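# Chain and residue survey
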Amino acid sequence: MVSKVNLSQTQMLQEASEAQPLPNMNLSSPLSPEAAWSALREQMRVRLGETAYRRWIEPVTGSVVSSEEGTATLMLAIPTRFMRDWIEAHYGDTIRTMWSQLVKKGAVEWAVVAPVAKSTSETPKVAKSSVAVPSFGPPSFASASQASALSGSIVDEAPLDPRFTFDNFVVGKPNELAYAAAMRVADTETPTFNPLFLYGGSGLGKTHLMHAIAWHIRQNYPNRRVIYMSAEKFMYQFVRALRYKDTVSFKEQFRSVDVLMIDDVQFIGGKDTTQEEFFHTFNALVDRNRQVIVSADKSPQDLDRMEERLRSRLGWGLVADLHPANYELRLGILHAKAEKLGGGVPDKVIEFLAHKIASNVRELEGALNRIVAHAQLVGRTISLEMTQEVLADVLRVTERRVTIDEIQKKVAEHYNIRVADMHSARRARAVARPRQVAMYLAKQLTPRSLPEIGRKFGGRDHTTVIHAVRKIEELSAYDPTFKEDVELLRRLLQG
Ligand code: ADP
Ligand code: MG
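First, a word on what this report is: a plain description of the structure on this page. (Residues numbered from 1 in each chain as written. Chains lettered and ligands numbered in written order. Predicted model: local features only at pLDDT ≥ 70, side-chain atom pairs only at ≥ 80, totals over all residues. Heavy atoms only, no water.)

## Some thoughts on the overall build of the protein
Defined as follows: What counts as a helix is a DSSP run of H or I of at least four residues, what counts as a strand is a run of E of at least two, and both are numbered from the N terminus. For every residue, the accessible area obtained with a 1.4 Å probe (protein chains only) is divided by the maximum for its type, and the residue is called buried under 20%, exposed over 50%, and partly exposed between those limits. By the convention used here, residues are in contact when the closest approach between their heavy atoms is within 4.5 Å. Surface accessibility in these figures is a Shrake-Rupley result with a 1.4 Å probe; residues are shielded only by whichever protein chains are displayed.
Within the protein, the regular secondary structure consists of 21 helices and eight strands. Split into buried and exposed, the 495 residues of the protein put 46% on the buried side. Residue pairs at least 24 apart in sequence account for 73% of intrachain contacts in the protein once pairs closer than 6 positions are excluded. Only carbon and sulfur atoms are counted for the fraction: they give 52% of the accessible area of the protein, which is about 24,900 Å².

Here's what the structure looks like:
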């Protein structure tokens, strides 16, 4: 017996289509988009059975967008995030395979689009609501205006966080370029660089800066129309417009703004049809000299699965990156936030946090909030011990385990000696000093005991290690350059 579980997707597909042969499966005469979408649903019905089909597939609406090169993209509007995740995880591959068999060149993209009317009927999106119209059929202008009338406007912006202002943004070396660029676009009515592209890792302040720009313009140039939204929201709006046949007002609304900000643009990587729409919107605005601001987690050329023309277009203006906060900036941010929280956080605690939490500002903030909340709840004053206690879990994951091997390698690299010299008996200063630095760092950064460390350095005695640690402390005390060197190595190792 062949187990069903081992069947490949194609086999299952064949099985599904054998069970209910489709009228028009041969590829030389592809189905019309409407017919292909209903054929796909039929195949899914057979494959899943009536109950699962009703639960997962029936509430989904599809629209097809055909590109100039002849790709038919099925744009699925799925009512909830949960359903989207479920369908993507369980049926994603099947739907993609089926679709590419039904049309000549196919692609599938999905977005969460909540049904317009609150209806408890089984098919909330189509038949029962007075506003929703089936996605296929002749273009209906009535339905478009109904949909927009209902939602007020097609494009609804994301709300702005009141804390994310320029005033609350602490500037340091790692973010000064991005900050200056953001200030500039917020204050210039004719763009000097377009787009402004902000990028950097998670939690480094991209969203904060974009909101700050929006606040600033709202306050100082109330006539300028600003739209801020995430790329995910952009896609959602687009698919919703398709679903309600309202792409005309969608385009109009986007193209009539003075400043368009799209956050986390990496989200549309691999979503070619959405990218294409974004590309057109983008060009339309830039051609009209309207400011576009885009953020992403990577530089334009490093964006994954992004069309080349969009990638290059995104890099045309000013590209500003946000670097991870260095110690000084972390300290500055913590001081500012602690003050906002009403003070009472000792400097020692702030320094401790700035040292220990280097990952990103969001985490830094989270740690501070936790300590202050804890102190208020249990009525304790904030101290170093209390901080360590409250943040035990965070601190444990932040402290990366460094091995002695890594230390030896890094230190040898840094001083340009061979790793073998870490173990050798050579006593020339050129190798002995780096070896001592490595021993010192091994003592500082690993939980290894002195004898263990000695053994790792060519079987040396633990007293040699003690001597090394003392020597390095001594040298650091009167030679700031040397101290900096060791400090740098420590940071490098701690990542
Ligand atoms: P990103 O969008 O880059 O992932 P966010 O803008 O959401 O990051 O920032 C994460 C958190 O860190 C926010 O609460 C933000 O206010 C704060 N933050 C980041 N950078 C700074 C900064 N330079 N000054 C003050 N707060 C900051
Ligand atoms: Mg963000």
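## As for helix α17 (residues 404-415)
Keep this limit in mind: Multiplying one less than the number of residues by 1.5 Å gives the expected span of a helix. Working note: the arc is built from the helix axis to C-beta atom directions.
Taking 1.5 Å of rise per residue, the twelve residues of α17 would be expected to cover 16 Å, and the 16 Å separating its terminal C-alpha atoms lies within 8% of that figure. Taken together, the buried positions of α17 are occupied by I404, I407, Q408, V411 and A412. Down the axis, α17 shows its buried residues gathered within 125° of arc, on one side only. Set apart from the buried face of α17 by more than 90 degrees, the exposed residues are K409 and E413. Residues of α17 that are buried in the fold lie against α18 (429-445), α19 (450-456) and α21 (480-494). Residue N416 follows α17 closely and has a positive phi angle near 60°.

## Focus: the environment of Y327
For Y327, the position within the fold is in helix α12 (residues 327-340). If we ignore the near neighbours within four places in the chain, the residues touching Y327 are E351, A354, H355 and R491.

## Quick look at the environment of G317
Tracing the chain through its elements places G317 in the loop between α11 (308-314) and β8 (318-321). Since its relative accessible area comes to 25%, G317 is described here as partly exposed. When near neighbours in sequence (up to four residues on either side) are disregarded, G317 contacts F193, N194 and P195.

## Quick look at the packing of aromatic side chains
Definition in use: Only rings of Phe, Tyr and Trp enter the pairing, Trp through its six-membered ring, and a pair is recorded when the two centres are within 6.5 Å. The plane angle decides the type: under 30 degrees is stacked, over 60 is edge-to-face, the rest tilted. In this scheme, Lys NZ or Arg CZ marks a charge over a ring once it lies within 6 Å of the ring centre and within 35 degrees of the ring normal.
Within this structure, the stated rule accounts for twelve aromatic pairs. Ring geometry for W56 and F82: centres 6.1 Å apart, planes at 50°, overall tilted. In this pair, W56 sits in helix α3 (residues 50-57) while F82 sits in helix α4 (residues 81-102), placing the two residues 26 residues apart along the sequence. The rings of F234, F238, F250, F254, F278 and F282 are connected pair by pair, giving a single aromatic cluster. Taking NZ or CZ as reference, R55 lies 4.3 Å from the ring centre of W56, over its face. The residue whose ring lies beneath K271 is F267, and the NZ or CZ to ring-centre distance is 3.9 Å.

## Points about the site of ligand 1
Applied cut-off: Any residue with a heavy atom lying within 4 Å of a molecule or strand is counted as near it. A 3.5 Å cut-off defines polar contacts: any pair of N or O atoms within that distance qualifies, except that in protein one atom must be a possible hydrogen donor and the other a possible acceptor, and neighbouring residues in sequence count only when both atoms are side-chain atoms.
Residues in close proximity to ligand 1 total 18 residues, the closest being V170, G203, T207, H208 and E365. In the environment of ligand 1, an oxygen atom lies 2.8 Å from a nitrogen or oxygen atom belonging to the side chain of K206. Coverage of ligand 1 by the protein amounts to 94% of the 560 Å² it exposes when considered alone. For the shell around ligand 1, the secondary-structure elements that each account for two or more residues are α7 (206-220), α12 and α14 (361-378).

## Structural notes on unusual backbone geometry
Going from N194 to P195, the amide bond is cis rather than trans, its omega being 0°. Although it is not a glycine, D264 adopts a positive phi angle of roughly 55°. Within the secondary structure layout, D264 lies in the loop between β6 (259-263) and α10 (272-287). Phi at N289 takes a positive value of approximately 65°, unusual for a residue other than glycine. Here N289 falls in the partly exposed class, since its relative accessible area comes to 42%.

## Focus: the side chain of Q436
Structurally, Q436 can be placed in helix α18. For Q436, the contacting residues outside a window of four places in its chain are H467, A468, K471 and I472.

## Quick look at the pairing of strand β3 (residues 105-112)
Filter applied, for reference: DSSP-based pairing: two strands are paired if at least 2 bridges between them are found. With the strands pointing away from the viewer, any crossover whose connection runs clockwise from the first strand over the helix to the second is right-handed.
Of the pairings in the sheet, the one linking strand β2 (residues 71-78) to β3 comprises eight bridges and is parallel in character. In the sheet register, T71 faces β3, and the bridge partner there is K105. Between β2 and its parallel partner β3, the chain crosses via α4, and the hand of that crossover is right-handed.

## Structural notes on the packing of helix α9 (residues 247-255) against α10
Quick reminder of the rule: For helices, the axis comes from a line fit to the C-alpha atoms of the stretch in contact; other axes are also lines fit to C-alpha atoms, and the angle between any two N-to-C directions lies between 0 and 180 degrees. Oblique is the label for every angle not falling under 35 degrees (roughly parallel), over 145 degrees (roughly antiparallel), or within 65 to 115 degrees (roughly perpendicular). Rotating anticlockwise by less than a right angle from the far helix to the near helix defines a left-handed crossing, while the corresponding clockwise rotation defines a right-handed one. Residues are grouped as follows: Ala, Val, Leu, Ile, Met, Phe, Trp, Tyr, Cys and Pro are nonpolar; Asp, Glu, Lys and Arg are charged; every other residue, Gly included, is polar.
Contact geometry of α9 with α10 gives a least axis separation of 9 Å together with a crossing angle of 40°. By the criterion of interaxial angle, the relationship of α9 to α10 is oblique. Crossing of α9 against α10: the hand is right-handed. Residues F250, K251, F254 and R255 of α9 pack against E277, H280, T281, A284 and L285 of α10. Residue composition of the contact of α9 with α10, by class: four nonpolar, two polar and three charged.

## A closer look at the sheet that holds β2
Taken together, the three strands give an open sheet; going across it, the order is β1-β2-β3, and neighbouring strands pair in mixed fashion. Across the chains shown, the open sheet's two edge strands, defined by having one partner strand only, are β1 (61-66) and β3. If you compare each strand with its neighbour and ignore which way they point, the axes differ by 25° on average.

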